[in-house]
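Descriptive analysis of the structure
As a plain string of letters, each chain reads:
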Amino acid sequence: MLESGAMSTEACIVYCTCPDGEVAGRIARGLVGAGLAACVNVVPAVRSVYRWRGAVEEADEVLLLIKSTRPALQGLQEAVLRLHPYELPELVAVPIATGLPAYLAWIEESVPGPDQGAAPSS
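Below: a short report on this structure. Since this is a predicted model, take the numbers as computed values, not measurements.

Time to look at the pattern of salt bridges. For the coordinates displayed, the defined rule picks out four salt bridges. For the salt bridge of Asp 60 with Arg 47, the shortest nitrogen-to-oxygen distance reads 3.0 Å. Residue Asp 60 is found in strand S3 (residues 55–69), and its partner Arg 47 is found in strand S2 (residues 39–52); the two are separated by 13 residues along the sequence. Using a relative accessible area of 54% as the deciding quantity, one classes Asp 60 as exposed. A relative accessible area of 48% places Arg 47 in the partly exposed class.

Below, the structure is given as structure tokens:
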């Protein structure tokens, strides 16, 4: 059963789009391997329409749904910036308001924190 009301959780979901499955897989494996994410869902075939440098652009992309924690966000951001080919990658963190308590605990246990994780390799 989902817990209702205010919860104290550090868990968050980070959205990141990638140009293709190869880049998405490399980033996902790097983040989980480094302890910066508990899980990364790789969602293929999203179509993005966005404004870039004054023009409306469109691109087929792959979406990463990264389950992490707030304390790990700085390291996660640094890793994505190192591993991502975009000049300005989408990287948006959203706090998880509620969820299955055991799942949220698993996220927090799986992400050791900024001082305990290893740096992902490229």
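Still more to cover.
Another aspect to go through is a nonpolar patch on the surface. Side chains of Tyr 15, Val 92 and Val 94 sit close together on the surface and give an oily, nonpolar patch of about 210 Å² of accessible area. One can find Tyr 15 in strand S1 (residues 11–18).

About the criteria used
- Residues numbered from 1 in each chain as written.
- Predicted model: local features only at pLDDT ≥ 70, side-chain atom pairs only at ≥ 80, totals over all residues.
- Heavy atoms only, no water.
- Salt bridge = Lys/Arg side-chain N within 4 Å of Asp/Glu carboxyl O.
- Helix = DSSP H or I, 4+ residues; strand = E, 2+ residues; numbered from the N terminus.
- Buried < 20%, exposed > 50% of the residue type's maximum accessible area, 1.4 Å probe, protein only.
- Patch = residues over 30% accessible without salt bridge, like charges linked within 9 Å, V, L, I, M, F, W, Y side chains within 5 Å.
- Areas by Shrake-Rupley, 256 points an atom, 1.4 Å probe, with all protein chains shown as cover.

Function cannot be read off these values alone, since they describe shape.
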